[in-house]
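# Fold and geometry: a report
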Amino acid sequence: MSEPTEGSVRQESRNWLEANWDPDLSLVEWRNRLVDSGWGAPTWPVAWHGRGLSDPLGRVVEAEMDRIGAVGVARTGIRNLAAATILVHGTDMHKEKFLRRILTGEDTWCQLFSEPGCGSDLAGATTRADFRGNKWIVNGQKVWTTSAHHAQYGLLLARTDWDAPKHQGLSFFIIDIEQPGVDVQPLRQMNGHASFNQVFFTDAEIAPEFILSETGNGWAVATTTLMHERRGADSLRRYAKASNRPGRVYEEEAAEIAIQLEPYKWYPQRAGRVDLVIERAKATGAFDDPAVRQEIAKLLTLSRAAEWTARRARAMQDRGGPQGPEGSLGKLAASNVARMAARVHTLIAGADAMLAGPDGALDGVIAEVLVSVPAVSIAGGTDEIQKNIISERVLKMPKEPRSDTKGPFRDVPRNTVG
Amino acid sequence: MQFTFTEEQEEFRRYLRRFLDAKSPAVEVRRLMETEDGYDPAVWRQLCTDLGLPAVQIPETYGGQGFGFVELGIALEEMGRALLCAPYFASAVLASNAILNAGTEEQKRELLPPLAAGEVVATLALAEESGRWDSAGIAMTATRTGSGYTLDGVKSFVLDGHTAGLIVVAARRAGTVGDAGLSLFTVDAEAPGLNRRLLRSADATRKLARLEFSGVPAGLLGKEGAAAAPLAKTLDQAAVCLASEMVGGAEHLRESALEYVQMRMQFGRPIASFQAIKHKSAELLLDVELAKSAAYYAAQAADDDADDLPAVASLAKACAADAYTRTAIEAVQMHGGIGFTWDNDTHLWFKRAKSSEVFLGTPAYHRELMMQRWNG
């Protein structure tokens with residue numbers, strides 16, 4: 001067989017799509033067809049529903065699907081991270097059992113990593129899995145678990161050896177969320193939304209074959225998942241956009257997307273809605289106040305400079321160049337933008353900043369900005385953690401002295417409460 | 001610069017950096033800033049003949065190399081980094097662009113080749129004792145005589161105004177205000193009635209002069225009374241260029257502070273191992289990189305003569321000025337006591353940061369301009 005080229009991939013996928021795309025199928029029927037053809041996940045291995053294509057060729061297939069408006073495989077939520085992790089570390093049984101249903105969207109996943117006692121320090125997990133009577137018994141608590149309330153499965157990082165050093169005593173499991181001993185509770189945030197859950201485990205059972213990789217190798221597996229999360233989280237959300245076309249496939253996809261994106265619906269407010277600043281300043285008259293104008297200008301400057309810095313990082317990546325410092329700065333810059341935006345919105349709103357919900361400006365959008373922004377500088381690694389990363393990895397400054405990486409984990413001082 | 005430089009542009013930067021490392025070490029900066037002229041004629045000649053730097057952004061038709069503001073920006077970033085003492089900004093940025101924007105075809109053909117070759121050093125005399133950087137601050141009058149014009153008034157804060165051979169002067173017809181009646185003129189430095197005096201400046205590497213004109217004969221540049229638009233454009237372009245220069249200086253300070261904290265031991269370890277210092281260093285990196293992105297974007301906008309140039313020029317100027325002064329303050333802080341001494345080099349860049357902050361307009365002034373020009 002000759003090497004696939006851009007032309008051959010375009011032609012072949014186009015032929016297949018023209019012969020098979022049918023918006024009146026059910027979503028699951030259509031996706032099963034797509035998965036059988038290998039065009040649904042073209043960059044995956046041939047043995048597992050893909051075609052082993054490079055990323056650029058995968059984008060050719062995507063473009064073909066977009067061209068005729070064909071719905072793709074399920075892309076939203078943690079299921080992509082689960083798939084990426086299983087592809088690397090899973091057994092054939094795992095791949096057989098989970099991969100297809102991830103692509104068809106029949107199973108939803110969640111990621112059981114963070115705990116009340118450890119935020120950015122994920123390797124400090126104290127949820128325990130003990131091997132008793134030929135199965136693993138899980139006890140403990142996870143937090144910040146997105147989508148756990150409608151997930152079938154979870155990626156679980158748990159401690160299996162308390163005598164090994166911190167990073168070597170962890171194991172990685174696939175756990176059935178809908179079983180006894182797993183209790184999912186929504187966690188309400190200060191902005192009133194409940195985007196995350198707490199998950200409690202009380203003697204929840206996992207069969208031995210649902211460990212991923214080996215006992216004690218959980219940190220390495222989690223690193224795979226995290227790497228994919230950092231690389232792909234934005235694109236996953238970008239793809240998840242419902243089209244408003246008629247047809248059963250479209251309707252079912254829109255419903256799926258609505259459920260999956262529910263936790264993210266306040267994210268634009270979290271980012272500070274810089275786009276609304278001038279509009280609001282003009283509407284309230286604050287635009288003519290020289291002091292407020294200065295603050296607006298500072299915000300616009302910061303926000304545009306951050307945007308251009310991100311584009312520099314992407315341009316460098318596209319050129320295949322080495323990662324420059326600009327690449328590590330995005331999270332920190334975004335957090336600064338959000339904070340300043342919240343401050344400027346308060347200046348513009350004046351007394352109205354005290355109001356919430358429908359009594360607040362723009363039916364509560366501005367009020368929500370003001371109480372959502374603090375999440376940015378905490379979620380996904382606090383500003384302080386970002387600064388440590390930048391200073392150590394980019395600026396090559398000395399690493400923080402640590403006292404938790406050697407010796408048995410059971411002797412490491414840690415939180416007893418969240 | 002579509003968010004990344006080409007290999008040729010990177011090579012230009014590397015070449016220039018090597019040159020400046022050799023020709024403009026801090027010890028040389030210290031020597032030259034104490035001189036009245038403020039630069040080394042031999043280095044200036046090399047800069048002109050070997051590197052062709054004043055010609056970079058001047059079109060080939062006028063004896064230049066025909067590159068754009070992106071390349072000019074690279075040159076200035078490197079000069080800001082090395083704190084090069086030379087009348088480059090005055091001649092290659094201010095005067096060259098004023099002539100390009102305002103001059104007639106014939107004037108450009110006559111005036112620009114010697115500037116491109118570095119045979120003539122020129123400058124732009126805009127601000128007066130009020131220290132304003134816009135047309136409203138111009139009080140100098142131009143009077144029509146039989147054969148030409150004469151100028152009367154005082155210009156101040158004129159960059160390299162005491163050494164320049166050719167001075168582009170903004171003046172107005174008596175009785176006009178604002179943009180009306182505004183013209184640009186060229187004046188020979190040796191013209192009768194012109195009295196030039198070097199001002200003592202806080203940043204000794206940036207030479208500023210006060211120029212008194214009494215009945216000084218001048219040649220009209222371009223059309224009479226039509227200088228407002230070309231002057232505004234020149235100032236936007238100059239703001240973009242100054243942003244590049246400031247970014248280079250800020251980067252130098254950031255790196256020198258980083259080098260120092262890696263080496264400086266306190267409490268039995270390098271102070272770079274303390275989070276207070278690490279976090280400050282990360283913040284400075286963010287500041288400088290953001291300012292860099294703005295300067296690069298603005299340089300491209302200047303090349304494209306984009307609609308948003310006026311807004312982004314002011315944005316880039318304000319952003320770079322804030323980043324530079326903040327970096328300067330923190331760099332002194334990170335050096336500890338030694339950072340406040342004359343012997344330590346930090347103060348040289350610190351003072352440049354302060355003079356750049358106000359030269360061509362303060363950050364607050366540019367933010368207000370940006371708001372007036374913002375349309376999206």
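As shown above, the structure is provided for reference.
Read on for a plain summary of the structure. Nothing here was measured: the structure is a model prediction, and the numbers come from that model. (Residues numbered from 1 in each chain as written. Chains lettered and ligands numbered in written order. Predicted model: local features only at pLDDT ≥ 70, side-chain atom pairs only at ≥ 80, totals over all residues. Heavy atoms only, no water.)

### Topic: the overall build of chain B
Within chain B, the secondary structure is distributed over 11 helices and 9 strands. Its C-alpha radius of gyration of 21 Å places chain B within 12% of the 21 Å reference for a compact globule of 376 residues. Here the C-alpha coordinates of chain B stretch approximately 80 × 45 × 40 Å along the principal axes. For chain B, with 376 residues in total, the buried portion stands at 62%. (Helix = DSSP H or I, 4+ residues; strand = E, 2+ residues; numbered from the N terminus. Rg over C-alpha atoms; globule rule 2.2 N^0.38 Å. Buried < 20%, exposed > 50% of the residue type's maximum accessible area, 1.4 Å probe, protein only.)

### What about the pairing of strand β4 (residues 166–173) of chain B?
Residue and element names in this part refer to chain B. Among the 8 residues that make up β4, 7 are buried, leaving the element largely enclosed by the rest of the structure. Note that strand β2 (residues 141–144) and β4 share 2 bridges and pair parallel. Paired with T141 across the two strands is R172, which belongs to β4. Examined bridge by bridge, β4 and strand β5 (residues 182–188) share 7 bridges and lie antiparallel to one another. Across the sheet, V169 pairs through a bridge with F185, a residue of β5. (Pairing = 2+ DSSP bridges.)

### Remarks on the interface of chain A and chain B
Taken together, the contacts link 39 residues of chain A with 41 residues of chain B. Across the chain A to chain B interface the summed buried area is about 3,500 Å²; carbon plus sulfur atoms make up 66%. Applying the counting criterion to the chain A and chain B interface returns 5 salt bridges. One salt bridge connects E400 of chain A with K278 of chain B, and the closest N-O pair in it is separated by 3.1 Å. At the level of elements, α10 (290–318), α11 (330–349) and α13 (383–394) of chain A are the ones that each hand at least two residues to the side of chain A that touches chain B. (Contact = heavy atoms within 4.5 Å. Buried area = accessible area lost by both parts, 1.4 Å probe. Salt bridge = Lys/Arg side-chain N within 4 Å of Asp/Glu carboxyl O.)

### Here's the deal with the pattern of salt bridges
Residue and element names in this part refer to chain A. Enumeration over the complete set of coordinates arrives at 59 salt bridges over all chains. Taking the shortest distance from any N to any O, the salt bridge between R51 and E12 comes out at 3.3 Å. Of this pair, R51 sits in the loop between α2 (27–37) and α3 (55–68) while E12 sits in helix α1 (residues 6–20); the two residues are 39 residues apart in sequence, bridging distant segments of the chain. For R51, a relative accessible area of 29% corresponds to the partly exposed category. Relative accessible area serves as the criterion here: at 41%, E12 is assigned to the partly exposed category.

### Notes on the state of the cysteines
Following the criterion strictly, the structure yields 0 disulfides over all chains and no others. With no disulfide of its own, C118 of chain A lies 16 Å from the sulfur of C110 of chain A, the closest cysteine sulfur. In this structure C118 of chain A comes out as buried when scored by relative accessible area, which is 4%. C48 of chain B takes part in no disulfide bond, and the closest cysteine sulfur, belonging to C85 of chain B, lies 15 Å away. On the basis of relative accessible area, C48 of chain B is assigned to the buried category, the value being 6%. (Disulfide = S-S within 2.5 Å.)

### Topic: the nonpolar core
Considering soluble globular proteins, one finds that nonpolar side chains tend to be buried as a cluster. Core analysis: the largest hydrophobic core is formed by 144 residues, its most contacted members being I296 of chain A together with M79, Y88, F89 and L184 of chain B. Sort the elements by how many residues they give to this core and helix α7 (residues 228–263) of chain B lands first, with 16 residues. With residues near it in sequence (within four places) discarded, F89 of chain B still touches L76, L94, L159, A238, C241, L242, E245, F359 and L360 of chain B. Core analysis: the second largest hydrophobic core is formed by 66 residues, W16, L25, W44 and V249 of chain A among them. (Core = buried A, V, L, I, M, F, W, Y, C linked by side-chain atoms within 4.5 Å.)

### Thoughts on the packing of aromatic side chains
Residue and element names in this part refer to chain A. Inspection of the entire model under this criterion finds 22 aromatic pairs over all chains. Ring centres of F113 and F172 lie 5.7 Å apart, and the angle between their planes is 80°; on these two criteria the pair is classed as edge-to-face. You can see F113 sitting in the loop between β1 (109–112) and β2 (128–132) and its partner F172 sitting in strand β5 (residues 170–176), a full 59 residues away along the chain. Given the relative accessible area of 0%, F172 is considered buried. Three or more aromatic residues joined by ring pairs form one cluster here, namely W16, W21, W30 and Y250. Between R270 and the ring centre of Y267, over which it is positioned, the NZ or CZ distance is 4.1 Å. Over the aromatic face of F287 sits the side chain of K282, whose NZ or CZ is 5.1 Å from the ring centroid. (Phe/Tyr/Trp six-rings, centres within 6.5 Å; stacked < 30°, edge-to-face > 60°. Lys NZ or Arg CZ within 6 Å of the ring centre and 35° of its normal.)

### Observations regarding the pairing of strand β7 (residues 196–206) of chain A
Relative to β7 of chain A, strand β3 (residues 135–146) of chain A runs antiparallel, the two sharing 8 bridges. What sits directly across from V138 of chain A, in β7 of chain A, is A204 of chain A.

### Describing unusual backbone geometry
Residues and elements named next belong to chain A. One non-glycine residue, W144, lies in positive phi territory at about 60°. With respect to the helices and strands, W144 occurs in strand β3. Phi is positive for S213, close to 65°, though the residue is something other than glycine. For S213, a relative accessible area of 25% gives the class partly exposed.

### Some points on the side chain of R79 of chain A
Residues and elements named next belong to chain A. Take R79: it is sitting in helix α4 (residues 79–89). Here R79 occupies a buried position and makes no salt bridge, while the nearest side chain of opposite charge, E256, is found at 4.3 Å. Side-chain polar atoms of R79 contact the side chain of T108, separated by 3.3 Å. In this view, R79 contacts A74, I102, G105, D107, T108, W109, E256 and Q260; residues no more than four positions away in its chain are not counted. (Lys, Arg positive; Asp, Glu negative; His and termini not counted. Polar contact = N/O pair within 3.5 Å; in protein donor to acceptor, adjacent residues only side chain to side chain.)

### Concerning the side chain of T224 of chain A
Its place among the elements puts T224 of chain A in helix α6 (residues 218–239). Every residue in contact with T224 of chain A, bar those within four places of it in the chain, is listed here: T85, V88 and H89 of chain A.

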